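Okay, here's what each chain looks like letter by letter:
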Amino acid sequence: METKSPPIKIFELTFSELTSELKNRYDKGAYYAAAIFREIYVNGNTHISKAPAFLRSETFCRQLCQDLEINLNPITEIIEEEGLTKFVTELKDGFKIESVIVPMATHYTLCISTQVGCKMGCRFCETARHGFLRNLSVEEIVGQLYMAKFRLGVRVRNVVFMGMGEPLDNYDNVVQAVRVMEDQRGMDIPKRYVSISTSGRVDGIRKLAALNWPQLNLAVSLNAPNDRIRSKIMPINNIYPMGKLHEALLDFPIKNNGAIYIEYVLIKHLNDRREHARQLADYLKPLKVKVNLIPYNPLADLPFEAPDEKDVSQFLDWLVEEKIFVRKRSSKGHNILAGCGMLGKTPHRTTNLNDLTIFDG
Ligand code: SAH
Ligand code: SF4
């Protein structure tokens, strides 16, 4: 009996992997891979039989359409929150994930999720409260970009892996998603427009470094000036303390004039003192970094307090005095870094899908 070949999961394959599949299965080449990529990723049409390249190859097209697997999950909610638009995707097994669209001055940035929940257990984070449920597959990761572009009509230029989950805890799928999304014939999101944010998984940072992708942006959620405070709020620090993290960051490949982004969530009375700014600066000085200072966004039932506006400005000034490049990011509104930290919160306004015209043009 003939065994059926596994499906071709289109959202999981790079251009060259798709080309090899077409070659091995049907003895066809890059011409058809390009036609599939164009139809799906440029025209946003998943019914490839309508593509001109296939009009004269009916038998091949029929066969191919049977083998292709295009799994897109529905957007079940669109939520607007202070300038950001979140959308909720319902996965096949009923789990829900969130992605955030952030309008920037000249483009849109999409913040995507990599896991349902998160294992890292950071004390201040909404996602951590869900615990870890599962990793997202490559197609579930790439699917978020596809849906933002073609169901919501958003011209996404930048992708940041800062949604739900720890990207480097789902390393293989995240790296494959970056590869799939970057092809110019397809989604065309080059690595220089991609950022991966990690809580400091040194193992993952080292694996990423070994790929030698200096264009890719790395962001590290440091959030503390020393091990004592970091271990209190980020359990991962007990496994990969700041010294080990520092060594890995020193070894990380960075493009010319590039930097590693350091995220520092400022929490009142915890990590906001003069001495903390000094310790942080000492830690960061040997590295090429840019700091994003994020005022803590308070969550119900947590013992942490948001800093006042003046505490944030003060801390920023101290870092400037220490000659650290630092920018303030607001926890809400037009800010991808913090906006993504709070995923999993109950939505407070839902927009009808048909009302969403703000992304035209
Ligand atoms: N797991 C990855 C990426 C997702 S979290 C990481 O930790 O880097 C995205 C960012 O949101 C992180 O920098 C995190 O420190 C920040 N964050 C989490 N909870 C927050 C809160 N309550 N207020 C402000 N920022 C928060
Ligand atoms: Fe996970 Fe990042 Fe939240 Fe920590 S801050 S629990 S790593 S999502």
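Residues numbered from 1 in each chain as written. Chains lettered and ligands numbered in written order. Predicted model: local features only at pLDDT ≥ 70, side-chain atom pairs only at ≥ 80, totals over all residues. Heavy atoms only, no water.

## Comments concerning the packing of helix α10 (residues 274-284) against helix α11 (residues 309-321)
Operational definition: To get an axis, a line is fitted to the C-alpha atoms, and for a helix only the part in contact is used. The angle between two axes follows their N-to-C directions and goes from 0 to 180 degrees. Strands here mean DSSP runs of E at least two residues long; helices mean DSSP runs of H or I at least four residues long; both are numbered from the N terminus. Throughout this description, any angle smaller than 35 degrees is read as roughly parallel, any larger than 145 degrees as roughly antiparallel, any in the 65 to 115 degree range as roughly perpendicular, and the remainder as oblique. We call a crossing left-handed when the near helix sits turned anticlockwise from the far one by less than a right angle, and right-handed when that turn is clockwise. Throughout, a contact is declared for two residues whenever any of their heavy atoms are within 4.5 Å.
Between α10 and α11, whose axes approach to 9 Å, the crossing angle comes to 40°. The angle between α10 and α11 falls in the class oblique. Seen along the crossing, α10 lies across α11 with a hand that is right-handed. Note on element contacts: α11 touches α10 through Phe 315, Trp 318, Leu 319 and Glu 321, opposite Arg 274, His 276, Ala 277 and Leu 280.

## So, the domain arrangement of the protein chain
Worth spelling out the cut-off: For every domain, the bounds stem from an assignment made automatically or drawn from a database. Buried area, as used here, totals the accessible surface that two parts lose on assembly, with accessibility defined by a 1.4 Å probe and the loss added over both.
Annotation of the protein chain at the domain level lists domain 1 (8-69) and domain 2 (75-354). Taken together, the contact between domain 1 and domain 2 spans 17 residues of the former and 14 residues of the latter. Interface of domain 1 and domain 2: buried area, both sides summed, is about 1300 Å²; carbon and sulfur atoms make up 59% of it. When the buried area of domain 1 at its contact with domain 2 is split by residue, Phe 11, Glu 12 and Tyr 41 rank highest and sum to 46% of it.

## Here's the deal with α10
Note the following rule: Accessibility here uses a 1.4 Å probe with only protein chains present; expressed as a share of the type maximum, an area under 20% marks a residue as buried, one over 50% as exposed, and anything in between as partly exposed. This arc is taken over the directions from the axis of the helix to the C-beta atoms.
Residues His 276, Ala 277, Leu 280, Ala 281, Tyr 283 and Leu 284 constitute the buried set of α10. Considered in projection along α10, the buried side chains sweep an arc of 160° and stay on one side of the axis. Contact partners of the buried residues in α10: α8 (227-233), α9 (242-250), β12 (260-266), β13 (289-295) and α11.

## Thoughts on helix α6 (residues 171-182)
The condition that has to hold: By this rule, a helix spans an expected 1.5 Å times one less than how many residues it contains.
The end-to-end C-alpha distance of α6, which contains 12 residues, comes to 17 Å, matching closely the 16 Å that a straight helix rising 1.5 Å per residue would cover. If you check which residues of α6 are buried, you get Tyr 171, Val 174, Val 175, Gln 176, Ala 177, Val 178, Val 180 and Met 181. Each element contacted by the buried residues of α6 is listed here: α1 (15-26), α2 (30-42), α5 (138-150), β9 (156-161), β10 (194-198) and α7 (202-211).

## A look at the nonpolar core
The cut-off we apply is this: The definition of a nonpolar core used throughout is a set of buried Ala, Val, Leu, Ile, Met, Phe, Trp, Tyr and Cys residues joined through side-chain atoms within 4.5 Å.
Of all hydrophobic cores here, the largest spans 95 residues; its most connected members are Phe 54, Leu 64, Phe 161 and Leu 284. Sort the elements by how many residues they give to this core and α2 lands first, with 8 residues. Not counting residues up to four positions away in its chain, the partners in contact with Leu 64 are Ile 8, Leu 22, Tyr 26, Ile 36, Ile 48 and Phe 54. Counting 18 residues, the second-largest nonpolar core is a separate cluster that includes Cys 122, Ile 267, Tyr 296 and Phe 304.

## Looking at the side chain of Ser 113
Stated formally: Any pair of N or O atoms that falls within 3.5 Å is considered a polar contact. Within protein, one atom must be able to donate a hydrogen and the other to accept it, and sequence-neighbouring residues count only if both atoms are side-chain atoms.
Looking at where Ser 113 falls in the secondary structure, it is placed in the loop between β6 (108-111) and β7 (115-117). Residue classification places Ser 113 among the buried residues on the basis of a relative accessible area of 0%. Polar side-chain contacts of Ser 113 include one of 2.6 Å to the backbone oxygen of Glu 98.

## Let's talk about the site of ligand 2
This is how it is decided: One heavy atom within 4 Å of a molecule or strand makes the whole residue count as near it. When residue character is reported, Ala, Val, Leu, Ile, Met, Phe, Trp, Tyr, Cys and Pro are called nonpolar, Asp, Glu, Lys and Arg charged, and the others, Gly included, polar.
Around ligand 2, the neighbouring residues are Cys 118, Met 120, Gly 121, Cys 122, Cys 125, Ala 128, Gly 165, Glu 166 and Ser 199. Of the residues that constitute the shell around ligand 2, the class distribution is 5 nonpolar, 3 polar and 1 charged.

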